[in-house]
Amino acid sequence: MAHPGVSYSAVGVRVRLGRILRDGKAVIFAFDHGLEHGPRDFLPEDRLVARNIIQQVVEAGVDAIMLLPGMARLTHEIWANRVALIVKLTGKTEMRPEEAVHLQSRLATVEDAVALGADAVAATVYWGSEHEDQMVESWLSIKEAAEAYGLPALQLAYPRGKNIKNRYDPEIVMYGTRAAIEVGADLIKTYYTGSRETFAKVVEIAQGIPVVMSGGAVRERPVDFLKDVSDVMAAGGSGVAVGRNVFRAKDIKAMARAVMEVVHEGLSPEEAAKKFGLA
Ligand code: FBP
């Protein structure tokens, strides 16, 4: 069937989103912690460790990997043509002063992401931050350029700032999600609200724009994390963008596979933990 009036870019966005959400769901390995968390998660000499982690998640068959441009450049032979690439174009270090912690800087351009072979770009907006304006401006310019190239734009829609008392509060997460769709996000990554019922409301407010859960701090038992993922899927979520709960796992590949099976095969958390030998 012909689709007159549908732009080349709209087709490109749809095609590339399909590379990430192949069956409408995705496990995205988020790996920007070297910059975002620095030594808290990574020592500067961790170069080989980082490569090894990327190798393992690629072998586990995750759907996509979200990297900053520099790491994408240095590890391309590991991920290229094996998983989809999302290039994150904003970030912040933990070295910055207190008054600027709720701000993400522009690190690269959409053209850099295109040059790297990206299937999508990503940027964080800390909704509610005292620097909201700056991040919205940055988001809009990323979105405009991405659209011109037919690239989907993933927004890490994170409510955060002096006025945000509890960033996991369902009302607050819903508000951030609404804000993300208002500025044209094609895919939303946000905080898990702690229950299936509340996350279902977040999904509902996104009105069909896919929402994935942000992994967050490492859960004590892998099965607890898998339970959150399972609840997100039951709530209508489209998957997860996870970092630490995978790369800090005792067996990285097994954990990544378990998350994949919960997301794509609907395995229960307990079954997945048992199948992959996760304590
Ligand atoms: P995790 O699953 O490890 O939380 O990674 C998701 C993520 O959004 C990363 O992309 C980012 O670096 C990190 O969380 C930010 O965490 P925070 O700013 O909350 O410390």
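Reading the values: the criteria
Residues numbered from 1 in each chain as written. Predicted model: local features only at pLDDT ≥ 70, side-chain atom pairs only at ≥ 80, totals over all residues. Heavy atoms only, no water. Near = heavy atom within 4 Å. Polar contact = N/O pair within 3.5 Å; in protein donor to acceptor, adjacent residues only side chain to side chain. Areas by Shrake-Rupley, 256 points an atom, 1.4 Å probe, with all protein chains shown as cover. 1 Å grid on protein atoms, 1.4 Å probe; cavity = no way out; pocket = protein on both sides within 12 Å on 5 of 7 lines; lining within 4 Å. Sits in = over half its atoms within 2 Å of the grid points. Nonpolar A, V, L, I, M, F, W, Y, C, P; charged D, E, K, R; others polar. Phe/Tyr/Trp six-rings, centres within 6.5 Å; stacked < 30°, edge-to-face > 60°. Helix = DSSP H or I, 4+ residues; strand = E, 2+ residues; numbered from the N terminus. Buried < 20%, exposed > 50% of the residue type's maximum accessible area, 1.4 Å probe, protein only.

> Explanation requested: the site of the ligand in the structure shown.
With respect to spatial proximity, 18 residues lie near the ligand, and among them Asp32, His33, His37, Tyr158 and Arg244 are the closest. A distance of 2.4 Å is found between an oxygen atom of the ligand and a side-chain nitrogen or oxygen belonging to Tyr158. Isolated, the ligand exposes 470 Å² of accessible area, and the fraction of that covered by the protein chains is 92%. A majority-of-atoms criterion places the ligand in the largest pocket. Taken together, the residues that form the shell around the ligand break down as five nonpolar, six polar and seven charged.

> Explain the packing of aromatic side chains here, please?
The geometry of two aromatic rings is summed up by the distance between their centres and the angle between their planes. Within this structure, the stated rule accounts for six aromatic pairs. Ring centres of Phe31 and Phe247 lie 5.4 Å apart, and the angle between their planes is 75°; on these two criteria the pair is classed as edge-to-face. One end of the pair, Phe31, is in the loop between β1 (26–30) and α2 (33–36); the other, Phe247, is in helix α11 (residues 244–247), and 216 residues separate them in sequence. Pair check on accessibility: Phe31 and Phe247 agree, each one buried. Three or more aromatic residues joined by ring pairs make a cluster, and in this case those are Phe29, Phe31 and Phe247.

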